[in-house]
Amino acid sequence: MRSKNVRFLLNLLIVLVVISVALAGYVNWQKNHFSCEAQITLVTDRGTEDLIMHFHFSGDTGSYESKGKYTTRSGNEISTSNKIDFNFWREGDSLMMISNETNAIPKTAGSVYPYTPDFFYSRERGIRWTLTRENATGYLFSYDDTPTFYCSITR
Amino acid sequence: MKTAFLINDTILFVPEQYSLYRRENYPAGRITLHAPASDCLLLLIQHAQQPVSQKMLFEQVWQKRGTVVSTNTLYQSIASVRKGLKATGLAEEAILTLPKQGFKCVAQITPGELQDFILTSSENAEPLTEPTHRPAKALRRPVIKPLRGLRPRSRLSLLLAIVLVLIVGEYHWLRASPSPLYAEYAYAGKVENCQVWSSWSGTQYSIAVFDKLRQRSPISCTAESVAYLTINRLQQGTSILLCDKDIAQRGTQCRSWFYREEGNEK
């Protein structure tokens, strides 16, 4: 009986070690495999753009989609959208993203929101975010040390 | 001076006391025989390795006291002797029954004085004879005792508990990215329904900035809304993150406003 108990505990120990290793792998895997959604309003002295953004990260590649509405100071409204494929990697707390294909509408770069980082409308442009896990269900994306948007994890 | 007999080098028989002792334990562990049984044993020992007839036993033990007993009484007395020897730790059969003849003592008998057989404490530490079962156990114990502090099962249980704690710690450590940014923000006050937390420590200035930004783009708060204001004079832009509850809570929904001036353009 005692021998059986010891064998059981040994097996349990092995299972726990396997779980530990698997957990470490899973958590690391999660950092590069997730999707999230964010809402942001960009405000300048020329106008305002409301955006809903979707990010999808899968290993070392990802995609970005956005739909929005740009409102000029004079009250004109323009629908906007974008779809970007990108490569990415982690550097500590930072997330580096390099655009592959972009599909910004309207086509004229910077016409809607002149201060948009070129990552969003040109190929092979980079952007660096700092990611902070604020809670179990979301990341805070900061751009140049300023919190920019909160991305709720959807998957 | 008491006469004694050493049986198989392990048991002391002292006829005068009708007693048996384990030599190494003397005087502890005394086994007392009733007088006829002790006389039977003495007679068998005095004729060790020789058959002793029932008739002789009857004559020398009972009849000389003027008593006549049955054969069963004789057998009971011999049984008492055997039981006494066994109780003192003699594993071997010392007295054989010889059918239709009588009995025979087959043990190794050493006659002498009781004092000659008593072991000193130093002699007691080293067994004089081949170890029997009991001494073997006594030798094993000191080896086991130090290990009893933590038995294998207990050690494993402890190890399991440590591994579990490590797994939980590992999970939290792996999940943790930099410390939550807004945890360091200071509470600036309440503006309408908005509970404003600011990266700036001055509450009045923070509230003034918050009001000014709201004028540029309307921000409406519900009762539980929390607004995180980041005033960044040196870097790019200023932001407000408006959440339906404390951002540290699971499932929080937030929307952000990011303000940039032409002078901020890169």
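Residues numbered from 1 in each chain as written. Chains lettered and ligands numbered in written order. Predicted model: local features only at pLDDT ≥ 70, side-chain atom pairs only at ≥ 80, totals over all residues. Heavy atoms only, no water.

Before going further, it helps to spend a moment on the pairing of strand β11 (residues 226–230) of chain B. All names here are of chain B. Within β11, 5 of the 5 residues are buried, which leaves the element mostly enclosed by the surrounding structure. Here β11 shows no split at all, with V226, Y228 and T230 on one side and A227 and L229 on the other all buried. Of the pairings in the sheet, the one linking strand β10 (residues 194–198) to β11 comprises 4 bridges and is parallel in character. Considered in β11, the bridge of S198 is made with L229. Handedness of the crossover joining β10 and β11 through helix α8 (residues 203–216) is recorded here as left-handed. (Buried < 20%, exposed > 50% of the residue type's maximum accessible area, 1.4 Å probe, protein only. Helix = DSSP H or I, 4+ residues; strand = E, 2+ residues; numbered from the N terminus. Pairing = 2+ DSSP bridges. Right-handed = clockwise from strand over helix to strand, strands pointing away.)

Another point: the pattern of salt bridges. Side-chain pairs of opposite charge can arise where the charged atoms are in close proximity. Counted by the stated rule, this structure contains 9 salt bridges over all chains. Notably, a salt bridge pairs E91(A) with R128(A), separated by 3.8 Å at the nearest N-O pair. Of this pair, E91(A) sits in strand β4 (residues 77–91) while R128(A) is found in strand β6 (residues 126–135), placing the two residues 37 residues apart along the sequence. Judged by its relative accessible area of 44%, R128(A) is partly exposed. Between E24(B) and R22(B) there is a salt bridge, and its shortest N-O distance comes to 3.4 Å. E24(B) sits in the partly exposed class, given a relative accessible area of 36%. (Salt bridge = Lys/Arg side-chain N within 4 Å of Asp/Glu carboxyl O.)

Our focus in this paragraph is the sheet that holds strand β1 (residues 3–7) of chain B. Pairing within the open sheet is antiparallel, and its 5 strands lie in the order β4-β3-β2-β1-β8 (chain B). The open sheet has two edge strands, β4 (31–32) and β8 (109–113) of chain B, and neither has a second partner.

Between two cysteines, a covalent bond joining their sulfur atoms is known as a disulfide. Residues and elements named next belong to chain A. Within this structure, the stated rule accounts for 3 disulfides over all chains. Across a sulfur-sulfur distance of 2.0 Å, C36 and C151 are joined as a disulfide pair. Linking C36 and C151, the disulfide has an S-S dihedral of approximately 85° and is accordingly described as right-handed. In this pair, C36 is assigned in strand β1 (residues 33–43) and C151 in strand β8 (residues 146–153), connecting sequence segments 115 residues apart. For the pair shown, C36 and C151 are each scored as buried. The cystine pairing of chain B, numbering bonded cysteines in sequence order, is 1-2, 3-4. (Disulfide = S-S within 2.5 Å.)

Once that is clear, we can look at the interface of chain A and chain B. Contacts between chain A and chain B engage 46 residues on the former and 49 residues on the latter. Carbon and sulfur atoms supply 58% of the area that chain A and chain B bury against each other, a total of about 4,300 Å² over both sides. Together, V43(A), Y115(A) and E134(A) form the three largest contributors to the area buried by chain A at its contact with chain B, with a combined 14%. With a shortest N-O distance of 3.1 Å, R255(B) and D50(A) are connected by a salt bridge. (Contact = heavy atoms within 4.5 Å. Buried area = accessible area lost by both parts, 1.4 Å probe.)

Time to look at the nonpolar core. Of all hydrophobic cores here, the largest spans 29 residues; its most connected members are I7(B), L85(B) and I95(B). Going through the elements one at a time, β1, β2 (11–14), α1 (35–46), α2 (54–62), α3 (71–87) and β7 (102–105) of chain B are the ones with two or more residues in this core. A per-element tally of this core places α1(B) first, with 6 residues. Each residue touching I7(B), except ones within four places of it in the same chain, is listed here: F13(B), L20(B), I45(B), L85(B), L90(B), A107(B), Q108(B) and I109(B). One finds I40(A), F55(A), M97(A) and Y139(A) within the second-largest nonpolar core, a separate group that totals 26 residues. (Core = buried A, V, L, I, M, F, W, Y, C linked by side-chain atoms within 4.5 Å.)

This next bit is on the packing of aromatic side chains. All names here are of chain A. Enumeration according to the criterion identifies 25 aromatic pairs over all chains in this entry. When the centroid spacing of 5.7 Å and the interplanar angle of 75° are considered together, the rings of W129 and F141 count as edge-to-face. Here W129 is found in strand β6, whereas its partner F141 is found in strand β7 (residues 138–143), with 12 residues between them in sequence. Accessibility classification places W129 together with F141 in one group, the buried group. (Phe/Tyr/Trp six-rings, centres within 6.5 Å; stacked < 30°, edge-to-face > 60°.)

Moving on, we get to the sheet that holds strand β6 (residues 95–98) of chain B. Residues and elements named next belong to chain B. With antiparallel pairing, the 3 strands of this open sheet are ordered in space as β5-β7-β6. Edge strands, defined here as strands with exactly one partner in the open sheet, are β5 (51–53) and β6. For this sheet, the mean angle separating the axes of adjacent strands, direction not counted, is 30°. Together, β5, β6 and β7 form the strand contacts of α1, whose direction differs from that of β7 by roughly 65°. The sheet contacts of α2 involve β5 and β7, and relative to β5 the element is tilted by about 65°. (Axes fitted to C-alpha atoms, helices over the stretch in contact; angles between N-to-C directions.)

Right, let's get into the pairing of strand β3 (residues 19–22) of chain B. Residues and elements named next belong to chain B. A two-sided burial pattern is seen for β3, the buried positions comprising S19 and Y21 on one face and L20 and R22 on the other. One ladder, built from 4 bridges, connects β2 with β3; its direction is antiparallel. Of the residues in β3, the one forming a bridge with F13 is L20. The turn linking β2 back onto β3 is made up of 4 residues, and Y18 within it adopts a positive phi angle of 55°. As paired elements, β3 and β4 share 2 bridges and run antiparallel to each other. Bridged to L20 within β4 is I31.

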